[in-house]
Amino acid sequence: MALQFHPPHSRVFSRMAELHPELTALRRDLHAHPELGFEEVYTSARVIESLKVCGVDAIHTGLGKTGVVAVIEGRGGKAASTLPHPMIGLRADMDALPMAEGSEVPWQSTKQGLMHGCGHDGHTAMLVGAARYLAETRNFSGTAVLIFQPGEEGYAGARAMMEDGLFERFPVQSVYAMHNWPAMPPGTVGINPGAMCAAADRVTIEITGRGGHGAHPYQTVDPVLVAAHIITAVQSIVSRNVKAIDSAVISLCAMQAGDINAMSVVPESATLVGTVRTFNPLVQDLVERRLHELCTAVATGFGATAQVTFERMYPATINTAAEAQFAGDVAASLLGEAKVVRNLEPSMGAEDFSFMLQAKPGAYFRLGQGTESGPSSCYLHNNRYDFNDEVLPLGAALFASLVEQAMPMQGSGAP
């Protein structure tokens, strides 16, 4: 399989290029067998099988239900690091999405209503590639902890693994993760020293009025009318309460009220559901408070009531500055500085790696994979999306290089 881009020569990339066919076969097999969060039984089994072939030192299961952790010890003597026992974590997510696949690739999903629409199949294969290389060479001093995480897509699998003692059992000094990014071309990496993804919160607004006959609306308190005014009023929160230099998104994305077949029945209640995205906890607090105040006031003005439930799901994904600088330097050592974007614009999307970054220093970065056309050009969560296998060797090399350069052997040179 010929690669279409060629990073500067490096030992680690050269080995990953040799493994490219194997990694591609694994990725496509995972793509054909997608599984939702905490149901990654087949995926975990394939990961464990692959890790055994790699020759890692230990494989641990049962963290976050279907999570897998592999441990690889370096062969160096006294580490160059001043830490007594350096330990670096690398994380890849494994789960798929509850959506039907629209692509026609030969390895398309074999499960109706499920697909790898976000590229976690590729992330998993890249981390397996890193495991293969690190276990073969062991050109580092310390311990590499490879975290195969379930349930990133809305299940908070990172938090579940942490609740099962992930960082108590494997006390890494820092942790790293990457995500493919169709908006950037292959052979590029994007990162910044602060926010990479927004916090994701769920808001539910339950409106209660008084139902009745549509021909006599004066006898009712119409919750559909109240919902309409709330939808409009809520849009003023960002424009009139949040500072222009801050960022926030409020999207009310679903409404349920009445019976579509009952054209003349005013329902008793209506429910709105949406999402709030912020980077700053103070802005998050402000938006939550204003939602309660505004929805309650609007409903009261019409003689109805509104109950607001604000669920904080994923916190913002915030890189620590030193680790972001280091990850960028590692990427530059493989690709050249011109291929590394160090001030990448944050995404209002969310990522549960944020839980790990709340507990440990670390960095989350983007791996370019976009093409001009075809499935790899589709944005994430598109039903025609497919991971670009072209970038598998590079992603695996980045993972492995993070370990080698964070925990170098005494006297080791550049990669």
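Computed from a predicted structure; not experimentally measured.

Q: Quick one: what's the story with the overall build of the chain, residue by residue and with numbers?
A: Scanning the chain from terminus to terminus reveals 12 helices and 16 strands. Taken against the 2.2 N^0.38 rule, which gives 22 Å for 415 residues, the C-alpha radius of gyration of the chain at 24 Å falls within 12% of a compact globule. Counting only residues that meet the buried cut, the chain has 56% of its 415 residues in that class. In the chain, the share of contacts with a sequence separation of at least 24, taken over all contacts with a separation of at least 6, comes to 81%. Entry remark: accessible area of the chain is about 17100 Å², with carbon and sulfur atoms responsible for 54%. Placing the 28 positive and 41 negative side-chain charges of the chain at their respective mean positions leaves the two points 4 Å apart.

Q: Let's hear about the sheet that holds strand 1 (residues 58–63): which residues, and what values?
A: The strand order across the open sheet formed by 8 strands is 1-2-4-3-5-16-6-15, and the pairing between neighbours is mixed. For this open sheet the edge positions go to strand 1 and strand 15 (340–341), each flanked by a neighbour on one side alone. Sheet topology places strand 5 (residues 174–181) next to strand 16 (residues 362–368); 7 bridges connect them, and they run parallel. For histidine 179, the partnering residue across the bridge sits in strand 16 and is arginine 366. Helix-sheet contacts for helix 3 (residues 41–54) involve strand 1, strand 2 (67–73) and strand 4 (143–149), and the interaxial angle to strand 2 is about 15 degrees. Set on the sheet, helix 10 (residues 321–335) makes contact with strand 5, strand 6 (189–190), strand 15 and strand 16; between it and strand 16 the angle comes to about 35 degrees.

Q: Before we move on, can you summarise unusual backbone geometry with the specific residues and values?
A: Only a minority of non-glycine residues have a phi that is not negative, and only a minority of peptide bonds are not trans. Phi at phenylalanine 38 takes a positive value of approximately 65 degrees, unusual for a residue other than glycine. You will see that arginine 138, though not glycine, has its phi angle at about 50 degrees, which is positive. Looking at the element boundaries, arginine 138 is found in the loop between helix 4 (120–137) and strand 4. You can call arginine 138 buried: its relative accessible area is 17%.

Q: Outline the UniProt feature "domain: Peptidase M20 dimerisation" (unreviewed entry) in the chain, supporting the account with residue identities and numerical values.
A: Mapped onto the present numbering, the UniProt feature "domain: Peptidase M20 dimerisation" (unreviewed entry) falls at residues 203–283. Its end C-alpha atoms 15 Å apart, residues 203–283 is made of 26% helix and 37% strand.

Q: Lay out the packing of aromatic side chains with the relevant residues and their values.
A: For the structure shown, the criterion picks out 5 aromatic pairs. Here the aromatic rings of tryptophan 181 and tyrosine 379 are separated by 5.5 Å at their centres, their planes lie at 70 degrees, and the arrangement is edge-to-face. In this pair, tryptophan 181 is assigned in strand 5 and tyrosine 379 in the loop between strand 16 and helix 12 (392–406), connecting sequence segments 198 residues apart. Residue tryptophan 181 is classed as buried on the basis of its relative accessible area, which comes to 10%. Of note, lysine 65 hangs over the ring of phenylalanine 38, and the distance from its end group to the ring centre comes to 5.0 Å. For arginine 366, the ring lying beneath its charged end belongs to tryptophan 181, and the centroid distance is 3.8 Å.

Q: An account of the side chain of arginine 15 is requested, with residue identities and associated values reported.
A: Positionally, arginine 15 belongs in helix 1 (residues 11–18). Reaching out from arginine 15, the side chain makes a polar contact with the side chain of glutamate 136 at a distance of 2.7 Å. The residues touching arginine 15, leaving out its near neighbours within four places in the chain, are Arg132, Tyr133 and Glu136.

Q: Let's hear about the side chain of serine 109: which residues, and what values?
A: Summarising the element assignment, serine 109 is placed in the loop between strand 3 (87–93) and helix 4. A polar side-chain atom of serine 109 sits 2.7 Å from the main-chain carbonyl oxygen of leucine 114. Not counting residues up to four positions away in its chain, the partners in contact with serine 109 are His31, Ala32, Pro34, Glu101, Leu114 and Met115.

Q: Now, about the nonpolar core: what can you tell me, with residues and values included?
A: Of all hydrophobic cores here, the largest spans 93 residues; its most connected members are Ile72, Leu146, Phe148, Leu166 and Leu398. If near-sequence neighbours (up to four positions away) are discounted, leucine 146 is found in contact with Val68, Val69, Ala70, Ile72, Leu90, Leu127 and Ala131. Leu252, Ala270, Val283 and Ala299 belong to the second-largest nonpolar core, a separate cluster that totals 29 residues.

Q: Quick rundown of the sheet that holds strand 12 (residues 269–278)? Include the residues and the values.
A: Within a sheet, adjacent strands bond to each other through the backbone by hydrogen bonds, running parallel or antiparallel. The 4 strands lie next to each other as 10-12-8-13, forming an open sheet whose pairing is antiparallel. Taken across any chain shown, the strands that pair with only one partner, and hence form the sheet edges, are strand 10 (248–257) and strand 13 (305–314). Here the strands of the sheet are splayed against their neighbours by 20 degrees on average, with no regard to which way each runs. Relative to strand 12, strand 10 runs antiparallel, the two sharing 9 bridges. Bridge pairing in strand 12 places valine 249 opposite arginine 277. Its contacts with the sheet put helix 7 (residues 223–234) on strand 8 (199–208), strand 10, strand 12 and strand 13, and the angle it makes with strand 10 is roughly 170 degrees. Contacts from helix 9 (residues 281–301) reach strand 8, strand 10, strand 12 and strand 13 within the one sheet, and its direction differs from that of strand 13 by about 160 degrees.

Q: Explain the environment of histidine 120 residue by residue, including any values.
A: With respect to the helices and strands, histidine 120 occurs in helix 4. Owing to a relative accessible area of 1%, histidine 120 belongs among the buried residues under this scheme. With 136 residues separating them along the chain, histidine 120 and glutamine 256 place their C-alpha atoms 32 Å apart. The residues touching histidine 120, leaving out its near neighbours within four places in the chain, are Asp93, Met94, Asp95, Glu152, Glu153 and His179. Polar contacts involving the side chain of histidine 120 include one to the side chain of aspartate 93, which spans 3.2 Å.

Q: Lay out the pattern of salt bridges with the relevant residues and their values.
A: Pairing of side chains with opposite charge becomes possible as their charged atoms draw close. Under the definition given, this model contains 23 salt bridges. Here glutamate 49 and arginine 46 are joined by a salt bridge, their closest N and O atoms 2.9 Å apart. Placement of both glutamate 49 and arginine 46 in helix 3 is noted, with a separation of 3 residues, approximately one turn of the helix. Here aspartate 93 ties to arginine 91 by a salt bridge, and the two come within 3.6 Å at their closest N and O atoms.

So, how was this worked out
- Residues numbered from 1 in each chain as written.
- Predicted model: local features only at pLDDT ≥ 70, side-chain atom pairs only at ≥ 80, totals over all residues.
- Heavy atoms only, no water.
- Helix = DSSP H or I, 4+ residues; strand = E, 2+ residues; numbered from the N terminus.
- Rg over C-alpha atoms; globule rule 2.2 N^0.38 Å.
- Buried < 20%, exposed > 50% of the residue type's maximum accessible area, 1.4 Å probe, protein only.
- Contact = heavy atoms within 4.5 Å.
- Areas by Shrake-Rupley, 256 points an atom, 1.4 Å probe, with all protein chains shown as cover.
- Lys, Arg positive; Asp, Glu negative; His and termini not counted.
- Charge placed at Lys NZ, Arg CZ, Asp CG, Glu CD.
- Pairing = 2+ DSSP bridges.
- Axes fitted to C-alpha atoms, helices over the stretch in contact; angles between N-to-C directions.
- UniProt positions renumbered as here; feature names shortened; annotations may be inferred.
- Phe/Tyr/Trp six-rings, centres within 6.5 Å; stacked < 30°, edge-to-face > 60°.
- Lys NZ or Arg CZ within 6 Å of the ring centre and 35° of its normal.
- Polar contact = N/O pair within 3.5 Å; in protein donor to acceptor, adjacent residues only side chain to side chain.
- Core = buried A, V, L, I, M, F, W, Y, C linked by side-chain atoms within 4.5 Å.
- Salt bridge = Lys/Arg side-chain N within 4 Å of Asp/Glu carboxyl O.

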